[in-house]
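Fold and geometry: a report
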Amino acid sequence: MSALMITPLALIITTLLVVLCAALSLVLALGVQRQLLWAALRMMVQLLIVGLFLRQIFALSSAWLTGLVICAMLAAACYEVSARQERRLRGIWHYLNGAAPIVAATLGVALLALTLALQPSPWYDARHAIPLVGIILGTVMNSASLALNYVFSTVTRERNAIEARLALGASRYVAFHDIIRRAVRAGLLPIMNQMAAAGIITLPGLMTGQILAGMDPTAAARYQILLLSLLAGGGFLATVGATLLAVRQLSDERDRLRLDRLR
Amino acid sequence: MLSITPPAPAVTRSLHVRELRRTTAERVIGPYALSLHSGECVVVSGPSGVGKSLLLRMIADLDPNQGELSITTSTVDTPMTTHARAAMSAPAWRKQVTYVAAESGWWADTLSDHLHIASHAQALTLLASLGLASDLMQAPIARLSSGERQRCALLRAIVQQPHFLLLDEPSSALDGDSALRLEAVLHSLKNNGTGLLVVSHNAAQISRIADRVLYMSSTALLESPA
């Protein structure tokens, strides 16, 4: 079976669906029509630009260019994580706390997949490396962001409990253990839900796309299993890394709670 | 009668605090000096906001501070040995020098969940001594009154058998009878060799429990008659 081509007419028809929704929002006075149209317009422009951009990158097939694109993606994700936090650490640690685990988890998992699982030739082939890093980065960024937000929003509220444990002789990691556990759970919830629902409640995006593009469903399922495993691994590493780094910054080497480092 | 496992009776310990200070952008607190011996109760008094709670927290190393703190240990048969705070991990120090806040925090649902299983028997005895019912062990912490929580927080620290207890207004949420019961427990702790450093504003209580009284200003601790 061959892939079905999406014609401009098909795009216009599906876009009209969004326009219809905006019109309904206007008629029903829901007030979301402007945001809906703006978001749809942004999505279309962004995706068309990225499609054209990737076509050029793939055609050039340069390791340096691939590396540069991945660096730009990582930088954008790191900025996004730091910008999403309502409360933030003072100084450079606000950026490093999210950036370090995101970069380490994304690159680690992507390298593992490219060199041991997918094994394209060469292993840094842009057609494989860039989409793979992109999809891992999305999950990793989301997981780390949720976990950090949980830690920063909870630590002030639970100050007395943490200090009571420290006063009784607990180490900082023991005193923070409940927060660490809950933050990791919060960070991993989306990917765990995605895995639990895959195939029963919903067909994952990648698998759906590949089936629509003509791939055999069992081959598409294998791809999806591989991908979800990578996302779970990357999400876990980033969540645990970001949470532990945050706890390290919110305490000091003498096992004191340091809320003065949070603003 | 209250039963508290005493430290080895022949051991004498002293907590020494020298040049204890805290420097922040807003103010400098200290330097303070004091000594506290096993079996002694020293009360710290002074105006509100002068930093009495902070003094206890600094001694427990819960807030950033500078100073020389140590515990000396001696027995009848052995020479005195000194254990500097700087040479110990903070958790090891705090297990010996334990701070109890006026409003302590809780991290589990019941008092029993906060205690090691081996200390449950001692906790039950202490509950009775503090005028609390034994079923409080399993009651949700969230449903306890502030006075019950305050006594439970003290109990939680006592069962760990620290050598020195730093108590920040330990009876601030208690009625007269409950405060007297708590003072009786403090007396038992003293008799068993625990050193107590207590922040209190209550003149009558100070006269009942204090061996020495230290009056605190922003720069010094002055000894005044008990």
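Quick summary incoming for the structure in this document.

Some words on the sheet that holds strand β10 (residues 221-224) of chain B
All names here are of chain B. Judged by pairing direction, the sheet is mixed, and its 6 strands sit side by side in the order β6-β7-β8-β3-β9-β10 without closing on themselves. Each edge of the open sheet is held by one strand with a lone partner, namely β6 (97-100) and β10. Between one strand and the next, the sheet's axes are offset by a mean angle of 20°, whatever the strand orientation. Of the strand pairs in this sheet, strand β3 (residues 41-45) and strand β9 (residues 212-216) are connected by 4 bridges, and their pairing is parallel. The residue of β9 that forms the bridge with valine 43 is valine 213. Sheet strands in contact with helix α5 (residues 146-158) are β6 and β7 (164-168), and its direction is about 170° off that of β6.

Examining the packing of aromatic side chains
Applying the stated rule across the entire model yields 1 aromatic pair over all chains. Aromatic side chains A:Trp123 and A:Tyr124 sit 5.5 Å apart centroid to centroid with 85° between the ring planes, which places their arrangement in the edge-to-face category. Among the residues examined, A:Trp123 registers a relative accessible area of 41% and is labelled partly exposed. Judged by its relative accessible area of 37%, A:Tyr124 is partly exposed. The ring of B:Trp106 has B:Arg156 lying over it, and the distance from NZ or CZ to the ring centre is 4.1 Å.

Details of the pattern of salt bridges
If you walk through the whole model with that rule in mind, you get 18 salt bridges over all chains. A salt bridge links A:Arg258 to A:Asp260, with the shortest nitrogen-to-oxygen separation between them at 2.9 Å. Taking the relative accessible area as the measure of exposure, A:Arg258 reaches 14% and is therefore buried. The exposure class assigned to A:Asp260 is partly exposed, which follows from its relative accessible area of 41%. Residues joined by salt bridges that share partners form a network here, namely A:Asp252, A:Arg254, A:Arg256, A:Arg258, A:Asp260, B:Asp61 and B:Arg85.

Concerning the sheet that holds strand β5 (residues 81-84) of chain B
Residues and elements named next belong to chain B. If you walk across this open sheet you meet the 4 strands as β2-β1-β4-β5, and the pairing is antiparallel. Unpaired on one side and paired on the other, β2 (28-37) and β5 mark the two borders of the sheet. Taking the axes of each pair of neighbouring strands and ignoring which way they run, one obtains an average angle of 10° across the sheet. Two elements, strand β4 (residues 66-74) and β5, share 4 bridges in a ladder whose sense is antiparallel. Looking at β5, one finds that isoleucine 71 is bridged to histidine 83. Strand contacts of helix α1 (residues 52-59): β1 (12-23), β2 and β4, with the helix running at about 115° to β1, the strand carrying the most contacts.

Cut-offs applied
Residues numbered from 1 in each chain as written. Chains lettered and ligands numbered in written order. Predicted model: local features only at pLDDT ≥ 70, side-chain atom pairs only at ≥ 80, totals over all residues. Heavy atoms only, no water. Pairing = 2+ DSSP bridges. Helix = DSSP H or I, 4+ residues; strand = E, 2+ residues; numbered from the N terminus. Axes fitted to C-alpha atoms, helices over the stretch in contact; angles between N-to-C directions. Contact = heavy atoms within 4.5 Å. Phe/Tyr/Trp six-rings, centres within 6.5 Å; stacked < 30°, edge-to-face > 60°. Buried < 20%, exposed > 50% of the residue type's maximum accessible area, 1.4 Å probe, protein only. Lys NZ or Arg CZ within 6 Å of the ring centre and 35° of its normal. Salt bridge = Lys/Arg side-chain N within 4 Å of Asp/Glu carboxyl O.

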